[in-house]
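Understanding the architecture of this molecule
Here is what each chain is made of, one letter per residue.
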Amino acid sequence: MRKSFRYVDLFAGIGGFHLAMDEISGGKAKCLMASEIDADAAKVYEDNFGMVPSGDIKSIGALPDGTEVVLGGFPCQTFSKAGKREGFSDARGTLFAEIVRLVKQFEGGVLSRKPKLLLLENVGNLLSHDGGNTWSVIRKELRGAGYTLNEEPFLLSPLQFGIPQSRTRAYIPCVRKDIYEGFLDLRFPFKKKLEPLEGILENEPEEPVLLTEKQETVLGIWDRFMGIVGHRPIGFPIWSDYFDGLSVERSNFPDWKKEFIRKNIALYQAHEPKLSDWLRNSGIRSFPPTWRKFEWQAGDAMQSVFEGIIQFRTSGIRVKRPNFFPALVAMVHLPYYGPLRRALTVRECARLQSFPDDYRFDESPQKAYRQLGNAVNVRVVRTVFESLLSFLKERGCSL
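Each chain carries its own residue numbering, running from 1 in the direction its sequence is written. Side-chain atom pairs in this predicted model are given and counted only at pLDDT of 80 or more, local residue features only at pLDDT of at least 70, and totals for whole chains, interfaces and linings cover all residues. Calculation of side-chain values draws on the structure's entire complement of heavy atoms; hydrogens and water are dropped beforehand.

Before going further, it helps to examine the pairing of strand 1 (residues 6-10). Categorising residues by exposure relies on relative accessible area from a 1.4 Å probe, with only protein chains included: less than 20% of the type maximum marks a residue as buried, more than 50% marks it as exposed, and the intermediate range marks it as partly exposed. Helix and strand assignments follow DSSP, with helices taken as H or I runs no shorter than four residues and strands as E runs no shorter than two, numbered in order from the N terminus. Where burial is concerned, most of strand 1 is hidden: 4 out of the 5 residues are buried. At least two bridges found by DSSP between two strands are what make those strands a pair. Sheet topology note: the strand 1/strand 2 (residues 30-34) ladder contains 4 bridges and is parallel. For Val8, the partnering residue across the bridge sits in strand 2 and is Met33. Look down the strands so they point away from you; if the path from the first strand over the helix to the second goes clockwise, the crossover is right-handed. For the segment spanning strand 1, helix 1 (residues 16-25) and strand 2, crossover handedness is right-handed. In the sheet, strand 1 pairs with strand 3 (residues 69-72) via 4 bridges, with the strands oriented parallel. The partner of Val8 across the bridge, within strand 3, is Val70.

A regular strand places its side chains on the two faces of the sheet in alternate fashion. For strand 4 (residues 117-123), a buried count of 7 out of 7 residues is recorded, marking the element as mostly surrounded by other parts of the structure. Bridge analysis of strand 3 against strand 4 gives 4 bridges, and the strand direction is parallel. Considered in strand 4, the bridge of Val69 is made with Leu117.

We call a pair of cysteine sulfur atoms a disulfide whenever their separation is within 2.5 Å. A full pass over the atoms with the stated rule returns 0 disulfides. A disulfide-free cysteine, Cys31 has its sulfur positioned 19 Å from the sulfur of Cys174, the nearest such atom. Not part of a disulfide, Cys397 finds its nearest cysteine sulfur in Cys174, a span of 15 Å.

The topology assignment puts Gly124 in the loop between strand 4 and helix 4 (133-144). Taking the C-alpha atoms as reference points, Gly124 and Leu392, 268 residues apart in sequence, are found 25 Å from one another.

Position of His18 relative to the elements: it lies in helix 1. By definition in these notes, contact holds between two residues if any of their heavy atoms fall within 4.5 Å. Ignoring anything within four residues of it in the chain, the contact list for His18 reads Tyr7, Asp9, Cys31, Tyr45, Phe49 and Met51.

Written out as C-alpha cells, the structure is:
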C-alpha cells in the first residue's frame with residue numbers, strides 16, 4: 001500500500017489511530033473523516049490534527065469516496081469486565097453495527113468499491129463475553145460485509161512491545177475478500193525486556209499530584225500490616241472488616257465471598273495477637289470502606305508498600321511491584337509511584353500510551369486522564385497495521 005493511503009477514523013477519541021497512521025506513512029496518509037461524539041475529546045483531536053470530527057456516527061450517511069482503510073476502537077464499556085457486560089443489549093454495543101452499515105453502503109454493493117482494510121480494537125474481554133456469542137456475532141457480520149478475518153482477534157498488550165503498561169486489548173484486522181482470503185498469520189516483533197521506568201517518568205513535573213496526608217497515613221497502616229503477616233504472596237483480597245467475627249455460614253453472601261472471608265479470618269487468627277493490636281490501634285476502621293480493603297500483588301519482591309505502584313480503586317487499595325504500570329482506564333484509577341509519593345502525570349500516562357511529548361491535551365487533567373484511559377496505544381496499533389501490510393505484501397496482494 002502506498003504511503004498516501006486514505007482512511008477514516010471512527011470512534012476517534014483523541015487520535016491514537018491517527019497518530020499511528022502518521023507514523024507509518026511519514027505524514028502522507030490522508031484522514032478523510034473522523035468521528036467522535038465526545039465534545040471534549042473532539043476538541044483535543046481538532047487541536048492536534050486541524051480537523052473537526054463529525055459527531056454521532058449514526059448521523060454519518062456514508063463513508064467519503066476513496067476510503068481505503070477504516071479504523072475504529074468501537075465503544076468497549078459494554079463488553080468490559082469493568083462494566084455491566086451487557087454487550088449488544090446496551091446501546092453502545094450496537095454501535096459496532098454502524099461500522100458494518102458504513103462499509104456496506106458503497107454504490108451497488110460492488111465489493112471492489114468497499115474499503116480495502118479494517119482495523120478495529122476493543123477490550124480483551126470481547127472474545128469471552130457472553131460465552132463467546134458477542135465475538136461470534138461480530139465475526140459473522142464482518143465476514144458478511146465482505147471481509148476476511150481470523151477465527152479470533154489478536155490479544156495484545158503494550159508489555160509485549162517493551163512498554164511498561166499491562167493493557168490487553170483485542171485487535172481485529174480485516175482484509176477485503178477479493179484482496180486476500182485465508183488465515184492472517186501476522187507476526188509481531190515482541191520484546192523480552194521492558195523499557196525502564198526512567199524513560200516514562202518526568203524528572204521535575206509541574207504541579208505533581210502528591211499523596212495526601214490521609215493517603216500516606218492509610219498506606220502506612222497497611223505497610224505495618226504487611227510487616228506483621230510478611231511480604232509474601234497472599235492470593236486473596238484483605239478485608240479488615242471481617243477479621244474478628246462474622247458468622248460466614250449464616251450470611252447471604254455468595255460462595256466466592258464466603259471463601260474470601262474464611263481466608264481473611266484464618267489469616268487474622270494466624271497472626272494474633274499482633275493483628276489484634278493492629279486492628280485496635282491503627283485506626284483502619286475510621287477510613288472509607290474502600291480503604292479498609294487491601295490487595296498485595298507484589299509477592300515477595302518488595303519490603304514496603306511504598307516501593308510499589310499503588311492504586312486507590314473501588315475494590316480497595318492495590319499495590320503491585322514497580323516494574324510496570326497497570327492498565328490506564330477511563331475510570332481514572334490513577335497509579336501512584338510509591339518511591340516518589342505521587343501519581344503519574346498526564347505526560348507520563350501519555351508516554352505509556354505511546355503519544356508523543358508534543359501532543360496537546362485537555363487543560364483539565366481529569367479529562368486528559370480519562371481520555372488517555374479510553375485511547376488506543378499508538379505503538380501497538382502501528383505494529384499491528386504494519387504487520388498486516390507486510391503479510392499482504394509478502395503474498396503479492398495488490399493494495
